[in-house]
Amino acid sequence: MHVTHLSLADFRSYARAEVPLGPGVTAFVGPNGQGKTNLVEAVGYLATLGSHRVSSDAPLVRMGAERAIVRAAVQQGERHQLVELELNPGRANRARINRSSQVKPRDVLGIVRTVLFAPEDLALVKGDPGERRRFLDELVTARSPRMAGVRSDYERVLKQRNTLLKSAAMARRHGGRSMDMSTLDVWDQHLARAGAELLAQRLNLIEALQPLTDKAYEQLAPGGGPVALAYRSSAPGTGHTREELYEQLLAALADARKQEIERGVTLAGPHRDDLTLKLGELPAKGYASHGESWSYALALRLASYDLLRSEGAEQAPHEDGHRIGEPILVLDDVFAELDSRRRERLAELVAPGEQVLVTAAVDDDIPGVLRGTRFTVSGGEVTRA
């Protein structure tokens, strides 16, 4: 899989941009603040319906514009598709596939798949649990695009349940009459059902990632491992099937209900869980050095890439004979963060990718093995070097 052309209109700093792309390595080079990351961010948005830099769409629309357009021509084997997203902050986004407007934004998921390496990746090891949950859920969705709907359902039910709990907590604090909480049982069932589906996918993903992450860490930092991934659930239990997880979630919600009503928030479910990362016998967070943390974060991304690539190759061809193929590798200003040894090791590992997009402030930041097509980015202009 690779993008053959990227078109932007009123996206970030670009009033318009037309960028021809191809397989192999493409590097965008230029001083900071000129729009290099905006280009690869647009490709990533097509893959995830979100940005790795901001949590909402508003900053993605150029100042003074009402909407932004991201459009890409994508080639998968002999199959060509045109995918387009229209970003409308405060209103529903719109999508097109091959010029058809009868699609929802979620329908574009799976057409473009990316694995992103960025300076923000250090938060996978050193940051809050939310960073690691996001990592898991984006990868879950890349493996199975239908999970975007499950995640959306879970978030919707969680919001409704929290609203009910908040109202009950406020009534309790102000000495009002106790609210009828019978509807909470219904929300518990909805939350547990969607949550069990998400939990099952996360657990399956971690099992698949474990050996790949350990292998990648050894490649980046020989002799520095082993590494171990484990899931810390707010609904503990030994179940792994959806029905077992459903029952565990229901039990955890029942156990937490009194405290939830006091605090006005849902205290059990996938939104409270964490991915724990161990290096040797110790947790990576708080114990790993800066270099070890970087190697761990990079190993997680390399493992994600290997997993998606292998699953894409194994998947049965569609009716038209095409396969999903490899995800696109995006390395956003990551080499400047690494010492020379890790820089060279990472470059050697990703160089064979079908399409590799790199951003860097200066040419010297890019290892020689990744010297492919070059674009200079300066003053809002993207020029082939």
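Okay, so let's go over this structure. Fair warning: this is a prediction, and the values are worked out from it, not measured in the lab.

Here the residue pair Gly 225 and Pro 226 is connected by a cis peptide bond, since its omega of 0° sits within 30 degrees of zero. Relative to the helices and strands, Pro 226 resides in the loop between helix H5 (183-220) and strand S9 (227-232). The backbone of Arg 99 sits at a positive phi, close to 75°, despite the residue not being glycine. Relative to the elements of secondary structure, Arg 99 occurs in the loop between strand S6 (94-97) and strand S7 (100-103). A positive phi is found at Asp 333, a non-glycine position, where the angle reads about 55°. Following the sequence through the fold, Asp 333 ends up in the loop between strand S12 (328-332) and helix H8 (340-350). When its relative accessible area of 21% is taken as the criterion, Asp 333 is described as partly exposed.

For the rest of this paragraph, the subject is the pattern of salt bridges. Tallied over the full model, the rule gives 25 salt bridges. The salt bridge partner of Arg 62 is Asp 10, with a shortest N-O separation of 2.8 Å. Of this pair, Arg 62 sits in the loop between helix H1 (36-48) and strand S4 (68-76) while Asp 10 sits in strand S1 (residues 2-11); the two residues are 52 residues apart in sequence, bridging distant segments of the chain. On the basis of relative accessibility, which here comes to 30%, the residue Arg 62 falls in the partly exposed class.

Another point: the sheet that holds strand S15 (residues 381-384). Ordered by their spatial adjacency, six strands build an open sheet running S8-S12-S13-S3-S14-S15, and the pairing between neighbours is mixed. Either end of the sheet is taken by a strand with one partner, and the two such strands are strand S8 (114-117) and S15. Averaged over all pairs of adjacent strands, the angle between their axes in this sheet comes to 20°, without regard to strand direction. Pairing between S12 and strand S13 (residues 355-360): four bridges, direction parallel. In the strand pairing of S13, Asp 332 is matched with Thr 359.

Within the structure shown, the criterion is met by one cavity of 30 Å³ or more. In this structure, the largest cavity spans a volume of roughly 30 Å³. In terms of lining, the largest cavity is formed by Leu 6, Val 19, Leu 21, Phe 28, Leu 39, Val 40, Val 43 and Leu 357. A total of three residues in the lining of the largest cavity trace back to one element, the largest contributor, which is H1. Across the lining of the largest cavity, the residue classes break down as eight nonpolar, no polar and no charged.

Helix-helix packing is characterised by the crossing angle of the two axes and by the distance between the axes. Running from N to C, helix H3 (residues 129-143) and H5 cross one another at 90°; their axes reach a closest spacing of 10 Å. The angle between H3 and H5 places the two elements in the roughly perpendicular class. Contacts between H3 and H5 involve Arg 133, Phe 135, Leu 136, Asp 137, Leu 139, Val 140 and Arg 143 from the former and Leu 198, Gln 201, Arg 202, Asn 204, Leu 205, Ile 206, Ala 208 and Leu 209 from the latter. Residues of the contact of H3 with H5, tallied by class, amount to nine nonpolar, two polar and four charged.

To continue, consider the packing of aromatic side chains. Applying the stated criterion across every chain yields a total of two aromatic pairs. Here Phe 28 and Phe 375 contribute two aromatic rings whose centre-to-centre distance is 5.5 Å and whose plane-to-plane angle is 25°, an arrangement assigned as stacked. With Phe 28 in strand S3 (residues 24-29) and Phe 375 in strand S14 (residues 373-378), this pair connects stretches of sequence that are 347 residues apart. Residue classification places Phe 28 among the buried residues on the basis of a relative accessible area of 3%. The ring of Tyr 246 carries the charged tip of Arg 193 above its face, separated from the ring centre by 3.7 Å.

What counts as what
- Residues numbered from 1 in each chain as written.
- Predicted model: local features only at pLDDT ≥ 70, side-chain atom pairs only at ≥ 80, totals over all residues.
- Heavy atoms only, no water.
- Helix = DSSP H or I, 4+ residues; strand = E, 2+ residues; numbered from the N terminus.
- Buried < 20%, exposed > 50% of the residue type's maximum accessible area, 1.4 Å probe, protein only.
- Salt bridge = Lys/Arg side-chain N within 4 Å of Asp/Glu carboxyl O.
- Pairing = 2+ DSSP bridges.
- Axes fitted to C-alpha atoms, helices over the stretch in contact; angles between N-to-C directions.
- 1 Å grid on protein atoms, 1.4 Å probe; cavity = no way out; pocket = protein on both sides within 12 Å on 5 of 7 lines; lining within 4 Å.
- Points joined across faces, edges and corners; volume = space filled by probe spheres on them.
- Nonpolar A, V, L, I, M, F, W, Y, C, P; charged D, E, K, R; others polar.
- Parallel < 35°, antiparallel > 145°, perpendicular 65-115°, else oblique.
- Contact = heavy atoms within 4.5 Å.
- Phe/Tyr/Trp six-rings, centres within 6.5 Å; stacked < 30°, edge-to-face > 60°.
- Lys NZ or Arg CZ within 6 Å of the ring centre and 35° of its normal.

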